[in-house]
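Structural features, examined
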Amino acid sequence: MNYGSNKFKRSTVKFVMGLLGKALEKVSTVDEEVRNEAGALPDGFIAVMTILPNGPSMRAKKEGDHFKYLGTSNLREDGDLVVMFKNLESAFMILTGQLSTHRAYAQHRVSVKGDIVKAMIFTRCLNVVQAYLFPGPLANLVLKRKLPMPLNRQLKRLQVFLTLPF
Amino acid sequence: MLPEYFEFFAPVKIVSGKKAVENLPYELDQLQAKRPFIVTDKGIEQAGLIDIIRKAMDAGEMEIGAVFDGTPPDSSIAVVNEAAKIYKDNNCDSIVAVGGGSVIDTAKGINIVITEGVDDISKLMGAEVLKKPMKPFIVIPTTAGTGSEVTLVAMISNPEEDVKMPFTSYRLFPNAAIIDPRMTMTMPPKITAATGMDALTHAIEAYYCNQKNPFSDAYAITAIKMISQYLARAVKNGKDEEARYVMANAATIAGIAFSNSMVGAIHSLGHATGGVAHVPHGVAMSIFLPVGLEYNIPKSGKYIGELLLYFAGPEEYAKTREDQRPYRLIELINKLREELHELSGLPLTLKEAGVKEDQFEEIAEHTLNDGALMFNPRDLNKEEALELVKKAYYGK
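Just so we're clear, the structure is a prediction, and the values are computed from it rather than from any experiment.

Observations regarding the sheet that holds strand S1 (residues 46-51) of chain A
Residue and element names in this part refer to chain A. In space, the five strands of this open sheet follow the order S3-S2-S1-S4-S5, with mixed pairing throughout. Because the sheet does not close on itself, it has two edges, and the strands there are strand S3 (66-73) and strand S5 (110-113). Neighbour-to-neighbour, the strand axes of this sheet turn through a mean angle of 15 degrees, independent of strand direction. Here S1 runs beside strand S2 (residues 57-63); their pairing, made up of five bridges, is antiparallel. Looking across to S2, one finds that Thr50 is bridged to Ser57. Across the face of the sheet, helix H5 (residues 116-133) comes into contact with S1, S3, strand S4 (81-85) and S5 while running at roughly 65 degrees to S4.

Dropping the structure here:
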């Protein structure tokens, strides 16, 4: 058994989930599309990404018209909507861009607890976040559709990148 | 050729054929059930179909716990909660659904409420939330369309929000489906046509959407062949026992296909139209099928084209140029729809189905929030959904 490899993968997925969470907060404050989507979720709504059986997890909360990143943990967390990666390997493939979200769902690698309507809204928000984060060719592989990136969105993207470490 | 990963699960025992209903007491006994709760609707009771069940239960010396015939055309949270109370009051220990999609989904909902011990089903919405083993559950379909007798999904309306809520869990699979041609013989032509088109849509979407796999393909192809040959026959003459029998099985086979390769945008549009404008699901499927197929040609034209072979036969397939096959399939599906329209009055457009123009926006919005959209090969945004709704409304 290669525990070293698992440790590396756990650290990687936790790091990427944290990055996604932070980016979700930043993008939802600047991007109108994500703000509109977030607006349809109830205030205080908690979305969780977790890896079965026991974490790590990432939590985000809807506040006003945007998301607030609540951090990552090494545990399995609960929320109003829980996106569960069925195992570490699946999480690693999805979070490192080797497997797109829609393919992951098609391949049963992800299970969802909660209202499906809200899951669809959250997924669309994450799609935009991924389009902000990933370079064009990778985003094209991961997403079903290329997100339009006019100049004002490019500037917002730059703003997200500059503020992401903080 | 093969997807890099797939899953396939078809755990429902199929009991199919002449006098199959007489096996109901035996199947219940196998599940150690003694007092089944029969879930049905008034139309089915009036058509005398519950009498067939009563006779079979009498012959099998088994008592019926209670009969609930209050299922409306659109199963709702309130009905599920009300029926679950009757189940408890009558000390039932199992559920038998006798009906179409709404009845079967209501029965699944009752099973959730009883098993999980909650008073309100909306607390358990979502995928894979259910953890406890369900009560014994047998389905006897009286329509040939929904496939719900072999699926892990229950769609239950939330009238307050005009949406259909999906409940999905491997625990929702019935233990057995009893397919008896007697049970679909009384179905009126229009419902035969609509439910048949629903089954066809299940099989077609299962074949080209993102979860397609070699097992689901085999089921989808078989169902498409059977439906293309027998649907119009069953609509034309409801007493045609062979056509009824083939269609009842085809619907179940298509159900297995889409239970393992989830449907896509056509169903999302249909669910949204059902939720907002109360268009019966089969009618919506028939209207959106050609529209949704055309939309998906840029991404899945190859698979859609392959279906021409199974829908129209080898001669038609061979004489049609490869790049024209998806379009030819759509033409032939439209021809079938027109035939069904003439035979039964099945609406060809959303306009004929009673949808209003001021409902377009809401239908498009709800379409985007339907879970099936995740499995559609081509992405769909609100503007595109709106275009498809308009196309389905005006018929061009």
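Quick word on the sheet that holds strand S4 (residues 94-99) of chain B
All names here are of chain B. Strand order in the open sheet made by the six strands is S1-S9-S6-S4-S2-S3, with parallel pairing throughout. Both edges of this open sheet fall to strand S1 (13-16) and strand S3 (66-68), since each of them pairs with a single strand only. Averaged over all adjacent pairs, the angle separating strand axes in this sheet is 20 degrees, with direction ignored. One ladder, built from three bridges, connects strand S2 (residues 36-39) with S3; its direction is parallel. Across the sheet, Ile38 pairs through a bridge with Val67, a residue of S3. Relative to the sheet, helix H5 (residues 101-116) contacts S2, S4 and strand S6 (137-141), its axis offset from that of S4 by approximately 165 degrees.

Points about helix H2 (residues 32-39) of chain A
Residues and elements named next belong to chain A. Every buried residue belonging to H2 is among Val34, Glu37 and Ala38, and all of these are buried. All buried residues of H2 fall inside an arc of 100 degrees around its axis, so they share one side. Pointing more than 90 degrees away from the buried face of H2 are the exposed residues Glu32 and Asn36. Regarding H2, its N-cap is Asp31, as a side-chain oxygen of that residue lies 2.9 Å from the backbone nitrogen of Glu33 further along.

Some points on the interface of chain A and chain B
Between chain A and chain B, the residue contacts involve 22 residues of the former and 28 residues of the latter. For the chain A and chain B pair, buried surface summed over both sides reaches about 2100 Å², with 54% attributable to carbon and sulfur atoms. Joining chain A to chain B, the criterion identifies two salt bridges. Linking Asp379(B) and Arg145(A) is a salt bridge whose minimum nitrogen-to-oxygen distance equals 2.8 Å. On inspection of chain A and its partner chain B, the count reaches ten residue pairs in polar contact (both at pLDDT 80 or more).

A word on the pattern of salt bridges
Residues and elements named next belong to chain B. Across all of its chains, the model carries 29 salt bridges over all chains by this definition. Its salt-bridge partner being Asp323, residue Arg321 comes within 2.7 Å of it at the nearest N-O pair. When the shortest N-O distance is used, the salt bridge between Glu365 and Lys382 registers 3.2 Å. Of this pair, Glu365 sits in helix H13 (residues 360-368) while Lys382 sits in helix H14 (residues 382-394), and the two are 17 residues apart along the sequence. When its relative accessible area of 39% is taken as the criterion, Glu365 is described as partly exposed. On the accessibility criterion, Lys382 (24% relative accessible area) is partly exposed.

Re the packing of helix H6 (residues 189-208) of chain B against helix H9 (residues 265-277) of chain B
Residues and elements named next belong to chain B. The geometry of H6 relative to H9 is characterised by a closest axis approach of 9 Å and an angle of 140 degrees between their N-to-C directions. On the basis of the axis angle, H6 is oblique to H9. From H6, Asp198, Thr201, His202, Glu205 and Tyr208 reach across to H9, where they touch Ala265, Ile266 and His267. Across the contact of H6 with H9, the residue classes break down as three nonpolar, three polar and two charged.

Some points on empty space enclosed by the protein
Residue and element names in this part refer to chain B. Enumeration over the complete set of coordinates arrives at one cavity of 30 Å³ or more. As a volume, the largest cavity reaches approximately 40 Å³. Every residue along the wall of the largest cavity is listed here: Pro141, Thr143, Glu149, Ile179, Asp180, Met183, Thr184, Ala248 and Thr252. Residue classes in the lining of the largest cavity are distributed as four nonpolar, three polar and two charged.

Examining unusual backbone geometry
Residues apart from glycine generally show negative phi values, whereas peptide bonds are mostly found in trans. The residue after Leu52(A), namely Pro53(A), is reached through a cis peptide bond having omega 10 degrees. Along the chain, Pro53(A) falls in the loop between S1 and S2. Here the amide bond leading from Gly55(A) into Pro56(A) is cis, since omega sits at 10 degrees, within 30 degrees of zero. Note that Pro56(A) resides in the loop between S1 and S2. The backbone of Lys19(B) shows a phi angle near 55 degrees, a positive value even though the residue is not glycine. Locating Lys19(B) in the fold gives a position in the loop between S1 and helix H1 (24-30).

Let's talk about H5(B)
All names here are of chain B. The end-to-end C-alpha distance of H5, which contains 16 residues, comes to 22 Å, matching closely the 22 Å that a straight helix rising 1.5 Å per residue would cover. With respect to burial, H5 is a largely interior element, 16 of its 16 residues being buried. Positive backbone phi, approximately 65 degrees, marks Gly117, located one or two places after H5.

Side note on the packing of H9(B) against helix H10 (residues 281-312) of chain B
Each pair of packed helices can be described by the angle between their axes along with the distance between the axes. Residue and element names in this part refer to chain B. Where H9 meets H10, the axes come as close as 8 Å, and the angle between the chain directions of the two elements is 140 degrees. Judged on the interaxial angle alone, H10 and H9 are oblique. The element H9 and its partner H10 pack so that their crossing is right-handed. For the pair H9 and H10, contact is made by Ile266, His267, Leu269, Gly270, His271 and Thr273 and by His281, Ala284, Met285, Phe288, Leu289, Gly292 and Leu293, respectively. Looking at the contact of H9 with H10 residue by residue, the class counts come to seven nonpolar, six polar and no charged.

Re the nonpolar core
Ranked by internal contacts, the top residues of the largest apolar core, which has 132 residues, are Phe85(A), Met197(B), Leu200(B), Ile204(B) and Leu293(B). Broken down by element, this core gets its largest block of residues, 15 residues, from H10(B). Ile77(B), Cys92(B), Val113(B) and Phe137(B) belong to the second largest nonpolar core, which has 32 residues in total.

So, the environment of Gln130(A)
All names here are of chain A. Inspection of the secondary structure assignment puts Gln130 in helix H5. Of the residues examined, Gln130 reaches a relative accessible area of 7% and is grouped as buried. Taking the C-alpha atoms as reference points, Gln130 and Ala23, separated by 107 residues in sequence, lie 8.7 Å from one another.

Conventions used here
Residues numbered from 1 in each chain as written. Chains lettered and ligands numbered in written order. Predicted model: local features only at pLDDT ≥ 70, side-chain atom pairs only at ≥ 80, totals over all residues. Heavy atoms only, no water. Pairing = 2+ DSSP bridges. Helix = DSSP H or I, 4+ residues; strand = E, 2+ residues; numbered from the N terminus. Axes fitted to C-alpha atoms, helices over the stretch in contact; angles between N-to-C directions. Contact = heavy atoms within 4.5 Å. Buried < 20%, exposed > 50% of the residue type's maximum accessible area, 1.4 Å probe, protein only. Arc of directions from axis to C-beta. Polar contact = N/O pair within 3.5 Å; in protein donor to acceptor, adjacent residues only side chain to side chain. Buried area = accessible area lost by both parts, 1.4 Å probe. Salt bridge = Lys/Arg side-chain N within 4 Å of Asp/Glu carboxyl O. Parallel < 35°, antiparallel > 145°, perpendicular 65-115°, else oblique. Nonpolar A, V, L, I, M, F, W, Y, C, P; charged D, E, K, R; others polar. 1 Å grid on protein atoms, 1.4 Å probe; cavity = no way out; pocket = protein on both sides within 12 Å on 5 of 7 lines; lining within 4 Å. Points joined across faces, edges and corners; volume = space filled by probe spheres on them. Expected span 1.5 Å × (residues − 1). Left-handed = near helix turned anticlockwise from the far one by under 90°. Core = buried A, V, L, I, M, F, W, Y, C linked by side-chain atoms within 4.5 Å.

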